[in-house]
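# A structural walkthrough
These are the residues of each chain, in order.
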Amino acid sequence: MPKEKRSPEELSADPAAQQMLIRAEELGLSTAFTRAEELAPCNIGGAGMCCKLCGMGPCRLTKDGQTGICGATIDTIQARNFIRAIAAGAAAHSDHGRDMAFTLKAVAHGQAEGYTIRDIAKLRIVASKYNIPIEGRSPEEIANDLADLYIAQFGQQNGVLAPVIRAPRKRQKLWQERRIMPRGIDREVVEALHRTHIGDDQDPEHILEHAVRTALSDGWGGSLIATDISDILFGTPAPILGQANLGVLKQDMVNVIVHGHEPTLSEMIVAASQDPEIIAYARKAGAKGVNLSGICCTANEILMRQGIPAAGNFLHQELAILTGAVEAMVVDVQCIMQALVQLAGNFHTKIITTSPKVKIKGALHIEFDEHKALTIAKQILREAIDNFKNRGETHIPDVREDLIPGFSHEYINYMLGGSYRASFRPLNDAIMAGRIRGVAAIVGCNNPRSKQDYLHTYVTKELLRQDVLVVETGCGAIASAKLGLLLGEAGLEHVGPGLREVCETVGIPPVLHMGSCVDNSRILTVLTQMVEEGGLGDDIDQIPAVGLAPEWMSEKALSIGTYCVASGVYVIFGGSSPISGMPDRVSDSDRVLRYISEGWEALYGGKMEFVADPDEMIRRTLAHIDKKRAALNLPAYDPARFGRSGDRRMLELEELPLAERRAALYGVPAK
Ligand code: SF4
Ligand code: MSK
């Protein structure tokens, strides 16, 4: 029987997406949503049981005891597939970090048109962590030394990656003892590829040990470097009002969407779009100006620093084009669908590739060069403006939500304690008291194999009800934003009583948007600061915290998950596992799957699991948090104990006569 087609409501939880899916159907155009319906995944490859590492294969193993032509067993093949995915993910994040380091170096030498060092305080703080002298030196001198140090991390051959010193001391010791300390970023990725060439590393556990080392070179290396430098050059994020969803596109303006990951070009496009010369050029073309918005993690970068709206997350890239209102979609690296060009051919939209690493046949290529960034940004905007006259019929969904992004770890530190007492103490205290049950980081992509945004927002909402503070990054953060979970008090009535008290008292939303997917390094920093603050154990694996990627799809997500596990975190992926095996058909074919859970937990205190059912994800998250609370001898979570302070308490007190209110507030006996 043919599979029944899913309705727009079954394909996406987002009302704007549902409207655009109906539009695509009317126009007879395919999207990732419909292609996912038509293209069934290969069950052998999907289980990680297919090897195509050499010309004797591909070898597809489907029976007990079967091996590849070279003799490779299922677990070896799965471990090799897994590490290759992690190496690709780590390479993508880290190469992003490398480009940021080159930009920092160019800025230090006055060779990067349009860029300045915006956050000198962060530059000085980061430089001093590595003993780079800062006193009496100009920001450019310090930036030059920091850029050199960071660039050197990529080609370093031996020793220890410098940023690793920012992990808890006990964790560093564990990595030394387990012999998984990352040595150099490029070295770990190259070695992962070498080990998986035909005839190399055949021991699954040994292969996976290097997978962990490779992922660590991403999280505590390339990604952390990318985040540091983005903050130094473009400013450390702080809360700012923004908007999300396709309704941010404007009928009377030239709509330019920036999509991808690196903030270098997009920041410059933001500057160029506000240039009087460009505004005048747009007006001459009959538009009110240039309306910039973002997709995917580029959206997060400019949203949390400049308040530029996010048009959507990963699965919105095609939907934005379907509005007919986008003059140009400017892309750089990662998560850019090749389908964009063909789809754009049905409208007037220009797809403009900009990275020397990424070209798509049929797209206009305007190569970015940080030495003349502003000039190139203006050239791109002129292309878009010239295209405004070609716009045809438009369908912009009137759907958008406000949000407050920008919760860098620096800001969280500040918001909890103020300028003079910046500290994680109040957060730790709230967890220790049980007001906050624990912390969940909900991150990662969209995947058209599940209902867009549904798993993200379902899990987020349920954990909030259970007094779990949620931090989010990447496309998961945009999912929550689009569905209205990132706006201050808007959703507080659905939040557990203890967490609600904390949110009301500190004045924060219960879901903190911490940035793009490289910014998962910020989550590592928050966890480290929680450890250093005291009261929640002396290493990350003791904190009542869980990481979740409910709608993951990219190899970067696997790298992120693995470095989090190695840092001591329990990580739950939604959807299916790329190394699930078929235990019902081939015995023991889930050995690797079990190893990255039980085996890794014994080694690193963190574990990785793939759980398709969202209720089971929530159950395991809460069980883990409660187990960690018990191990720390913290009081068991009890929602009935809290909910009598914060705004609610103040409102109650306002009803009382003055003397009784003073008595309640200050303990002064009422006369
Ligand atoms: Fe087959 Fe071995 Fe070649 Fe893989 S490496 S394709 S298992 S022969
Ligand atoms: S963009 S890696 S779909 S989060 Fe960072 Fe979104 Fe996942 Fe790409």
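The numbers attached to residues start from 1 for each chain and follow its sequence in the written order. Chain labels run from A onward and ligand labels from 1 onward, assigned in the order the entries are written. Only residues with pLDDT of at least 70 are given local features in this predicted model, and only at 80 or more are side-chain atom pairs given and counted; all residues enter the totals for whole chains, interfaces and linings. Side-chain numbers here rest on the full set of heavy atoms in the structure, without hydrogens or water.

## So, the overall build of the protein
Basically, it comes down to this: Helix and strand assignments follow DSSP, with helices taken as H or I runs no shorter than four residues and strands as E runs no shorter than two, numbered in order from the N terminus. What the globule rule says is 2.2 Å times the number of residues to the power 0.38, and the radius of gyration is computed from C-alpha atoms. In this scheme, a residue with accessible area under 20% of its type's maximum is buried, one over 50% is exposed, and one in between is partly exposed, where area comes from a 1.4 Å probe on protein chains only. Throughout, a residue-residue contact means that at least one pair of heavy atoms, one from each residue, lies within 4.5 Å. Note that His is not counted, nor are the chain ends; the positive residues are Lys and Arg, and the negative ones are Asp and Glu. By convention, the point assigned to a charge is CZ for Arg, NZ for Lys, CD for Glu and CG for Asp.
What the protein contains, in helices and strands, is 27 helices and 16 strands. The C-alpha atoms of the protein give a radius of gyration of 25 Å, which matches the 26 Å a tight globule of 671 residues would have. Referenced to the eigenvectors of the C-alpha coordinate spread, the extents of the protein come out at roughly 85 × 70 × 65 Å. Taking all 671 residues of the protein together, 60% fall into the buried category. Within the protein, residue pairs in contact and separated by at least 24 positions form 75% of the contacts whose partners lie at least 6 positions apart. If the 71 positive side-chain charges of the protein are averaged to one point and the 83 negative ones to another, these points end up 1 Å apart.

## Comments concerning helix α7 (residues 139-155)
Put simply, the test is: Here the expected span of a helix is defined as 1.5 Å times the quantity of residues minus one.
Taking 1.5 Å of rise per residue, 17 residues should cover 24 Å, and α7 covers 25 Å from first to last C-alpha, within 8% of that figure. Among the residues of α7, Ile 142, Ala 143, Asn 144, Leu 146, Ala 147, Tyr 150, Gln 153 and Phe 154 are the ones counted as buried. Its buried side turned inward, α7 meets α5 (74-108), α6 (120-129), α9 (185-195) and α10 (204-234).

## Things to note about helix α22 (residues 520-533)
The terminal C-alpha atoms of α22, which comprises 14 residues, lie 20 Å apart, in line with the 20 Å expected from a rise of 1.5 Å per residue. Buried residues dominate α22, accounting for 11 of its 14 residues. Positive backbone phi, approximately 95°, marks Gly 534, located one or two places after α22.

## Some details on the site of ligand 1
Operational definition: In these notes, residues near a molecule or strand are those with any non-hydrogen atom within 4 Å of it. Polar here means any residue other than Ala, Val, Leu, Ile, Met, Phe, Trp, Tyr, Cys and Pro, which are nonpolar, and Asp, Glu, Lys and Arg, which are charged; Gly is therefore polar.
Neighbouring ligand 1 are Cys 51, Leu 53, Cys 54, Met 56, Gly 57, Cys 59, Gly 68, Ile 69, Cys 70, Ala 72, Arg 80 and Ile 198. Across the shell around ligand 1, the residue classes tally to nine nonpolar, two polar and one charged.

## Quick look at the side chain of Asp 75
Inspection of the secondary structure puts Asp 75 in helix α5. With a relative accessible area of 14%, Asp 75 lands in the buried category. For Asp 75, the residues in contact, after removing those within four places along its chain, are Pro 204, Arg 591 and Val 592.

## Points about the pairing of strand β11 (residues 438-442)
For clarity, the threshold we go by: In this analysis, strands are considered paired if DSSP registers two or more bridges between them.
With five of its five residues buried, β11 lies for the most part within the structure. Here β11 pairs with strand β14 (residues 545-549) via four bridges, running parallel. Looking across to β14, one finds that Ala 440 is bridged to Val 546.

## Focus: the environment of Val 471
When you line up the elements, Val 471 lands in strand β12 (residues 468-472). Under the relative-accessibility criterion, Val 471 is labelled buried at 7%. Measuring from C-alpha to C-alpha, the distance between Val 471 and Gly 575 comes to 21 Å, with 104 residues separating the pair along the chain. For Val 471, the residues in contact, after removing those within four places along its chain, are Ala 440, Ala 441, Ile 442, Leu 512, Met 514 and Ile 523.

## Remarks on the site of ligand 2
As a reminder of what qualifies: The domain limits used here are those given by an automatic or database domain assignment.
Around ligand 2, the neighbouring residues are His 261, Cys 296, Cys 297, Phe 314, Cys 335, Gly 444, Cys 445, Cys 475, Cys 517, Met 553, Ser 554 and Lys 556. Among the residues forming the shell around ligand 2, the class breakdown is eight nonpolar, three polar and one charged. Counting the residues that make up the shell around ligand 2, at least three belong to each of domain 3 (242-390) and domain 4 (404-580 + 587-640).

## Here we look at the packing of α6 against α7
To keep it simple, the criterion reads: Fitted lines through C-alpha atoms give the axes, limited to the stretch in contact for helices. The angle between two N-to-C directions lies from 0 to 180 degrees. Note that the term roughly parallel is reserved for angles under 35 degrees, roughly antiparallel for angles over 145, roughly perpendicular for angles of 65 to 115, and oblique for everything else. Left-handed describes a crossing in which the near helix is turned anticlockwise from the far one by less than a right angle; the clockwise case is right-handed.
Running from N to C, α6 and α7 cross one another at 50°; their axes reach a closest spacing of 10 Å. Here α6 lies oblique to α7, going by the angle between them. By crossing handedness, the relation of α6 to α7 is classed as left-handed. Contact with α6, carried on its side by Ile 120, Leu 123, Arg 124, Val 126 and Ala 127, involves Pro 139, Ile 142, Ala 143, Leu 146 and Tyr 150 of α7 and no other residues of that element. Along the lines of polarity and charge, the residues of the contact of α6 with α7 split into nine nonpolar, no polar and one charged.

## Observations regarding the domain arrangement of the protein
Domains assigned within the protein are domain 1 (8-48), domain 2 (74-234), domain 3 (242-390) and domain 4 (404-580 + 587-640). Between domain 1 and domain 2, the C-alpha centre-to-centre distance is 36 Å.

## Topic: a nonpolar patch on the surface
Quick reminder of the rule: For patches, a residue must show more than 30% relative accessible area and have no salt bridge; joins then use 9 Å for like charges and 5 Å for nonpolar side chains, namely Val, Leu, Ile, Met, Phe, Trp and Tyr. Here the open area of atoms and residues is found with the Shrake-Rupley method and a 1.4 Å probe, where only the protein chains shown may cover a residue. For this document, the term salt bridge refers to a Lys or Arg side-chain nitrogen within 4 Å of an Asp or Glu carboxyl oxygen.
Together, Met 56, Ile 69 and Ile 198 make up a nonpolar patch on the protein surface, roughly 280 Å² of accessible area in all. Position of Ile 198 relative to the elements: it lies in the loop between α9 and α10. Given a relative accessible area of 30%, Ile 198 falls into the partly exposed group.

## Description of the nonpolar core
Basically, it comes down to this: Side-chain atoms within 4.5 Å link the members of a nonpolar core, which is a set of buried Ala, Val, Leu, Ile, Met, Phe, Trp, Tyr and Cys residues.
Residues Trp 175, Leu 463, Met 530 and Trp 600 are the most contacted members of the largest nonpolar core, which totals 164 residues. A total of 14 residues in this core trace back to one element, the largest contributor, which is α10. For Met 530, the contacting residues outside a window of four places in its chain are Phe 424, Leu 427, Asn 428, Ile 431, Val 439, Leu 536 and Ile 543. Listed in part, the 37 residues of the second largest apolar core include Leu 246, Ile 257, Ala 320 and Met 337.

## Examining the sheet that holds strand β16 (residues 607-610)
As summarised here, the arrangement of the six strands in space is β13-β12-β11-β14-β15-β16, forming an open sheet in which the pairing is parallel. Looking at which strands have only one partner, the edges of the open sheet turn out to be β13 (511-513) and β16. Within this sheet the neighbouring strands show an average axis-to-axis angle of 20°, counted without direction.

## A short note on the pattern of salt bridges
Scanning the model with the defined rule gives 55 salt bridges in all. A salt bridge links Arg 391 to Glu 327; the shortest N-O distance between them is 2.8 Å. In this pair, Arg 391 is assigned in the loop between α16 (373-387) and β10 (401-403) and Glu 327 in the loop between α14 (317-322) and β7 (328-331), connecting sequence segments 64 residues apart.

## Considerations on the packing of helix α13 (residues 296-306) against helix α20 (residues 474-482)
Angle between the axes and distance between the axes: these two values describe a pair of packed helices. α20 packs onto α13 with a crossing angle of 70° between their chain directions and a minimal axis gap of 8 Å. Between α13 and α20, the angle falls in the class roughly perpendicular. As α13 runs across α20, the sense of the crossing is left-handed. Of α20, the residues touching α13 (which contributes Cys 296, Cys 297, Ala 299 and Asn 300) are Gly 474, Cys 475 and Ile 478.

## Focus on the environment of Gln 334
Under the convention used in this document: Residues adjacent in sequence count toward polar contacts only when both atoms are side-chain atoms; beyond that, a polar contact is any pair of N or O atoms within 3.5 Å, and within protein one must be able to donate a hydrogen and the other to accept it.
Relative to the helices and strands, Gln 334 is located in the loop between β7 and α15 (339-344). What makes Gln 334 buried here is its relative accessible area of 17%. Spatially, the C-alpha atoms of Gln 334 and Ala 92 are 7.5 Å apart, while their sequence positions differ by 242 residues. A polar contact of 2.8 Å, which involves the side chain of Gln 334, links it to the side chain of Lys 556.

## Focus: the packing of aromatic side chains
Rules: Each Phe, Tyr or Trp ring, with Trp reduced to its six-membered ring, pairs with another whose centre is within 6.5 Å; inter-plane angles below 30 degrees give stacked pairs, above 60 give edge-to-face pairs, and intermediate values give tilted ones. A positively charged side chain is recorded as over a ring if its NZ (Lys) or CZ (Arg) lies within 6 Å of the ring centre. The angle to the ring normal must also be within 35 degrees.
Scanning the model with the defined rule gives 10 aromatic pairs in all. Aromatic pair Phe 407 and Tyr 411: ring centres 6.0 Å apart, planes at 75°, arrangement edge-to-face. Owing to a relative accessible area of 23%, Tyr 411 belongs among the partly exposed residues under this scheme. In textbook terms, an aromatic cluster arises when at least three aromatic residues are bridged by ring pairs, as seen for Phe 407, Tyr 411 and Tyr 414. The ring of Tyr 281 carries the charged tip of Arg 382 above its face, separated from the ring centre by 5.9 Å.

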